[in-house]
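# Coordinate inspection notes
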Amino acid sequence: MKPSAKLTAAALLFVGLVLINYLASQLPFRADATAENIYTLSPGTKSLLSKIEEPVVLDFYYSRNAEGVRIDYKNYAARVEEMLRQYERAARGKLVLNLINPEPDTPEEEAATRAGIQPQVFPGAMSQIYFGLSATQADLQEALPAFNPRREQFLEYDLSQLIYSVQVFEKRRLGLITSLPLQAPPFNPMMQQMGQRPPPDQFVIGEWQRTFEIVPIEATATELPANLDVLVIAHPQGLSPELEYAIDQALLGGTPVLLALDPSSEHFKRQTNPQQMMMGGGAPNLSSDLPDLLNAYGITYVSGSITGDLEYGAQVQTGAGQIATFPHWLQLPVEAFNTEVLPTAQLNTMVLIETGHLALATGSDLEFTPLIQTSTQAGDIPPAVLQFGMSNNIAGELSLSGQQTLAAMVTGTFPTAFPDGPPESENVGSELARAPTVESGQGTLVIIADTDWLMDDYSVRRVNLFGMQAAEPINDNLAFASNVVEYLAGSQDLISIRTKGSSQHPFTVVREMEAAAQQRYQEQLAALESRLSEVQAQLSQLQSQVGDNGMLVASPEVAASIAEYQTQEAEMRRERRDIRRALREDIDALKQRLVFTNLLAAPLLLAGFGLWLNRTRRRRH
């Protein structure tokens with residue numbers, strides 16, 4: 001073949017490879033070979049995208065040309081961009097993706113600032129970078145101010161939640177049933193004229209009011225308000241049978257429910273006369289339960305059992321000024337939270353007071369996902385011990401039974417707790433009573449066996465800031481309350497999205513090879529290091545006889561010994577280099593094989609395809 005022909009063939013081959021890559025990038029489908037399908041959209045996301053009515057514009061801001069950006073952020077930016085392209089393809093024209101590179105002092109940077117994208121600065125970086133996303137539909141705009149590789153497991157949920165949020169034009173409705181004073185009672189205007197300030201709500205109400213319209217529901221109500229996005233039931237007391245029926249039907253109808261029960265409410269206990277309790281009188285509203293509903297759903301919760309934990313017990317200052325460990329007051333560390341579920345994925349600490357525990361009955365078909373668990377040093381504490389025992393003796397009364405679940409998310413097909421229909425009621429003319437009973441349905445229930453965590457006393461520290469009341473969170477109790485209702489009220493499509501694995505995997509094989517090599521050569525290396533240390537010590541001692549002017553004043557025998565030790569040291573250093581090289585021998589061989597495979601894979605596949613095509617054509621002719 002002539003040289004010109006060879007050059008032409010090489011150029012055509014190069015153009016062919018570029019064309020193949022371009023065509024591959026334009027294909028409407030992808031093959032996901034990852035173990036956890038991290039590049040595949042969940043059915044919930046596809047369903048959510050199929051419901052978009054008006055086009056949503058996604059502006060992806062990433063400072064591609066910024067210097068000093070960490071490599072994990074660069075890789076994550078490519079991951080986010082690829083995921084956004086999948087969203088664009090799956091939405092079939094309902095999503096418009098714009099890739100924006102906001103250079104400093106440009107209109108793109110101003111647009112990023114207006115959209116709420118937060119600039120990030122890395123140590124050593126020459127400038128700040130923008131790495132965020134905004135979504136716009138009509139005149140409603142929301143943003144993810146900054147992407148973080150540590151949230152890669154929740155990337156799909158974050159993107160879907162952002163797209164969903166710009167399609168919600170009205171505040172969502174949160175129904176609230178509670179006997180706790182979460183909302184302040186109505187304030188008498190006359191008291192205000194006398195200079196008194198109205199009592200504030202508990203801070204958890206303020207957190208929920210940011211994104212929800214709170215609809216209070218009395219315990220004596222016979223039905224639920226319409227169009228609730230999420231229902232919160234906290235320490236229920238004296239619910240009417242009709243209301244329990246309405247709760248059951250709402251859950252089976254798809255309304256997500258957050259249920260907080262308590263075997264021993266510290267809030268109500270503090271309001272009880274101690275003398276009354278010493279006389280054996282029961283404290284009102286101390287415990288809460290919904291046995292008819294929970295038994296029907298197969299959820300085990302014992303309202304008279306309090307869970308203690310020797311490892312997670314809180315350090316509490318007692319009345320005598322001493323610090324004591326309360327195993328029934330739990331100071332939960334990060335290890336107590338399920339990191340694979342969004343409501344608890346990024347919590348670091350919570351405080352629960354005299355909590356109970358939960359379990360799923362044997363044979364239930366529901367899916368029970370623990371959200372918060374004790375350590376393995378946990379068990380039940382008899383209620384009488386807490387009522388009459390000394391705080392220092394409580395730990396000794398705890399009977400260990402292993403790790404317990406304190407909060408859980410229950411999903412699946414719930415059976416109704418009212419198989420015989422609605423309870424008999426005078427309110428027979430209501431729409432709810434006339435509606436046929438739903439016997440089973442898909443539902444989502446988050447249940448936690450404590451209620452004190454909702455109160456300010458255990459979640460925030462009130463501070464006076466320039467004459468105004470402010471609060472400083474002392475743990476993640478409020479974050480959990482916000483996370484759960486936001487998660488539940490998102491939509492059934494969002495709830496169905498599960499966390500996925502990370503694209504950044506540890507080099508497990510390499511680590512195992514390093515450990516094996518280390519074990520194989522460790523004894524030899526340790527003996528050599530010991531001998532080398534001895535030689536260096538001897539050498540240092542002899543060299544110390546050298547005077548300040550660098551002249552050796554020792555005898556010829558000592559000089560010969562120094563030379564010999566220096567020779568030995570050099571030899572031992574060489575041996576040590578050989579051993580360390582042997583430690584990485586297998587790893588380097590693996591690296592070479594991978595490089596060789598990567599370099600030859602594409603040409604071999606192309607050559608194989610060419611041979612197959614040539615052979616096929618010859619057979620036809």
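Provided above is the structure to which this section pertains.
From a predicted model like this one, the values you see are computed outputs, not experimental measurements. (Residues numbered from 1 in each chain as written. Predicted model: local features only at pLDDT ≥ 70, side-chain atom pairs only at ≥ 80, totals over all residues. Heavy atoms only, no water.)

### Details of the overall build of the protein
Short version of the rule: In this text, helices come from DSSP runs of H or I with a minimum length of four residues, and strands from runs of E with a minimum of two, each type numbered from the N-terminal end. Exposure categories follow from relative accessible area, calculated using a 1.4 Å probe and restricted to protein chains: below 20% of the type maximum is buried, above 50% is exposed, and the middle band is partly exposed. For this analysis, residues touch if any pair of their heavy atoms sits within 4.5 Å. Computed with a 1.4 Å probe, the accessible areas rest on the Shrake-Rupley method; for each residue, only the protein chains presented here act as cover.
Scanning the protein from N- to C-terminus turns up 18 helices and 22 strands. For the protein, buried positions account for 40% of its 621 residues. A sequence separation of at least 24 residues applies to 74% of the contacts in the protein between residues at least 6 apart. Looking at the protein as shown, the accessible area adds up to about 34,500 Å², and 54% of this sits on carbon and sulfur atoms.

### Things to note about the side chain of Ser165
Assignment of secondary structure puts Ser165 in helix α5 (residues 155-165). Accessibility expressed as a relative area gives 17% for Ser165, which makes it buried. Not counting residues within four places of it along the chain, the set of residues in contact with Ser165 comprises Leu140 and Glu142.

### So, the side chain of Asp456
By the element assignment, Asp456 lies in the loop between β20 (440-448) and β21 (460-465). A relative accessible area of 5% places Asp456 in the buried class.

### Regarding the nonpolar core
Here is the rule we go by: Side-chain atoms within 4.5 Å are what join buried Ala, Val, Leu, Ile, Met, Phe, Trp, Tyr and Cys residues into a set we call a nonpolar core.
Counting 90 residues, the largest nonpolar core has Phe131, Phe147, Trp208, Leu332 and Ile372 as the members making the most contacts within it. Residue contacts for Ile372: discarding those within four places in its chain leaves Leu332, Ala336, Phe337, Thr344, Met350, Gln404, Thr405, Leu406, Ala407, Ile448 and Phe480.

### Comments concerning the packing of aromatic side chains
Each aromatic ring pair is characterised by the separation of its centres together with the angle its planes make. As a reminder of what qualifies: The rule is short: rings of Phe, Tyr and Trp, with Trp giving its six-membered ring, pair when the centres are within 6.5 Å, and they are stacked under 30 degrees, edge-to-face over 60, tilted in between.
Inspection of every chain in the model, using the stated rule, returns 14 aromatic pairs. Considering the side-chain rings of Tyr73 and Phe131, the 6.3 Å spacing of their centres and the 65° angle between planes classify their relative orientation as edge-to-face. Taken together, the residues span a long stretch of sequence, with Tyr73 in helix α3 (residues 71-91) and Phe131 in strand β4 (residues 129-137) at a distance of 58 residues. Across this residue pair, the class does not change: Tyr73 and Phe131 are buried. Summarising the aromatic geometry, the rings of Tyr157 and Tyr487 are spaced 5.8 Å apart at their centres and angled 40° between planes, so their arrangement reads as tilted. With Tyr157 in helix α5 and Tyr487 in helix α14 (residues 477-490), this pair connects stretches of sequence that are 330 residues apart. Neither Tyr157 nor Tyr487 differs from the other in exposure class; each is buried. Here the aromatic residues Phe60, Tyr62, Tyr73, Tyr76, Phe131 and Phe147 are joined through ring pairs into a cluster of three or more.

### Some thoughts on the pattern of salt bridges
Spelled out, the test is: By convention in these notes, a salt bridge is any Lys or Arg side-chain nitrogen within 4 Å of a carboxyl oxygen on Asp or Glu.
Overall, the coordinates contain 12 salt bridges when judged by the stated rule. The closest approach of N and O atoms between Arg89 and Glu82, which form a salt bridge, is 3.5 Å. Residue classification places Arg89 among the partly exposed residues on the basis of a relative accessible area of 27%. Among the residues examined, Glu82 registers a relative accessible area of 25% and is labelled partly exposed. Linked through salt bridges whose partners overlap, the residues forming this network are Glu266, Lys269, Arg270, Glu354 and Asp457.

### Side note on unusual backbone geometry
Phi is positive for Arg92, which is not a glycine, with a value near 55°. Positionally, Arg92 belongs in the loop between α3 and β2 (95-100). A relative accessible area of 76% places Arg92 in the exposed class. Backbone geometry at Asn227 places phi at a positive 60°, although glycine is not the residue there.

### Examining helix α2 (residues 43-50)
For clarity, the threshold we go by: Directions from the helix axis toward the C-beta atoms define the arc.
Looking at α2, one finds that the buried residues are Gly44, Thr45, Leu48 and Leu49. One side of α2 holds all its buried residues, which, seen down the axis, span an arc of 135°. Turned more than 90 degrees away from the buried face of α2 sit Pro43 and Ser50, all of them exposed.

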